[in-house]
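# Topology and contacts: notes
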Amino acid sequence: MADGSSFNVKLYIYDLSKGLARQLSPMMLGKQVEGIWHTSIVVYGEEFFFGGGGIMSCFPGGTILGMSDSTVDLGNTEVPRDLFQEYLSSLRESTYRPEKYHLFEHNCNTFSSEVAQFLTGTKIPSYITDLPSEVLATPFGQALRPFLDSVTITPSGENGMNGYGQW
């Protein structure tokens, strides 16, 4: 990049179960699961995520989920904001349209991992992206699959920034 600007990239991690997965998973799944993860990418002073409403953004911590349960520093990027906006627009028109959302196979974590790779060359931790297949590999996961396939998660961003509250 010509001007040498660098921007910090963070992964926000939310446990949608608020601790219940940790408590109930041994009994229900026969294995320990630490959480039901929703993730987003924070860069350029905004939080970007994917759900049933498509690609959205808000001020960091501005979704209905509040502040993240944990944060992972993914490093820095030299990708300029305008190039990132173009990249998100192309994703929004193709791979990450609202109707493409699927709880197990194409979700917020898939989005966060792809965006992290674009910005930093690194994917998000595998304990997050591997969770759906681990749950579905259990008898309980298989029994719940028809119901879970119909679930859409849309943590709306209430604090849109620069008119980008919803892509």
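Structure shown above.
Residues numbered from 1 in each chain as written. Predicted model: local features only at pLDDT ≥ 70, side-chain atom pairs only at ≥ 80, totals over all residues. Heavy atoms only, no water.

## Notes on the sheet that holds strand β3 (residues 46-51)
Reading across from one edge, β4-β3-β2-β1-β5 is the order of the five strands in this open sheet, with antiparallel pairing throughout. Unpaired on one side and paired on the other, β4 (54-58) and β5 (70-77) mark the two borders of the sheet. Adjacent strand axes in the sheet meet at a mean angle of 25° when their direction is disregarded. Both strand β1 (residues 7-15) and β5 contribute to a ladder of seven bridges, which runs antiparallel. (Pairing = 2+ DSSP bridges. Helix = DSSP H or I, 4+ residues; strand = E, 2+ residues; numbered from the N terminus. Axes fitted to C-alpha atoms, helices over the stretch in contact; angles between N-to-C directions.)

## What to know about the pairing of β3
β3 sits mainly inside the fold: six of its six residues count as buried. Here β3 shows a buried face lined by E46, F48 and F50 and a second buried face lined by E47, F49 and G51. Relative to β3, strand β2 (residues 37-43) is paired through three bridges, and the arrangement is antiparallel. Bridging from a neighbouring strand, V42 pairs with E47 of β3. Linking β2 to β3, which pair antiparallel, is a turn of two residues; within it Y44 sits at a positive phi near 55°. As defined by bridge partners, β3 adjoins β4 across five bridges and the pair is classed as antiparallel. Opposite F48, over in β4, you have S57 as the bridge partner. (Buried < 20%, exposed > 50% of the residue type's maximum accessible area, 1.4 Å probe, protein only.)

## Focus: the pattern of salt bridges
Throughout the structure, instances matching the rule amount to five salt bridges. The salt bridge involving E134 is made with K31; its shortest N-O contact spans 3.4 Å. Taken together, the residues span a long stretch of sequence, with E134 in helix α5 (residues 131-136) and K31 in the loop between α1 (20-29) and β2 at a distance of 103 residues. Residue E134 is classed as partly exposed on the basis of its relative accessible area, which comes to 32%. (Salt bridge = Lys/Arg side-chain N within 4 Å of Asp/Glu carboxyl O.)

## Topic: the side chain of H106
Within the element layout of this structure, H106 appears in the loop between α2 (81-93) and α3 (108-120). Under the relative-accessibility criterion, H106 is labelled buried at 16%. Polar contacts involving the side chain of H106 include one to the main-chain carbonyl oxygen of T95, which spans 2.7 Å. Apart from residues no more than four positions distant in its own chain, H106 is found in contact with F50, T95, Y96, K100 and Y101. (Polar contact = N/O pair within 3.5 Å; in protein donor to acceptor, adjacent residues only side chain to side chain. Contact = heavy atoms within 4.5 Å.)

## Remarks on the packing of α2 against α3
Remark: α2 packs on α3, axes separated minimally by 12 Å, with the N-to-C direction vectors making an angle of 145°. Of the two possible hands of crossing, α2 and α3 adopt the one that is right-handed. Contact with α2, carried on its side by F84, Y87, L88 and L91, involves F111, E114, V115, F118 and L119 of α3 and no other residues of that element. A class-by-class count of the residues in the contact of α2 with α3 yields eight nonpolar, no polar and one charged. (Left-handed = near helix turned anticlockwise from the far one by under 90°. Nonpolar A, V, L, I, M, F, W, Y, C, P; charged D, E, K, R; others polar.)

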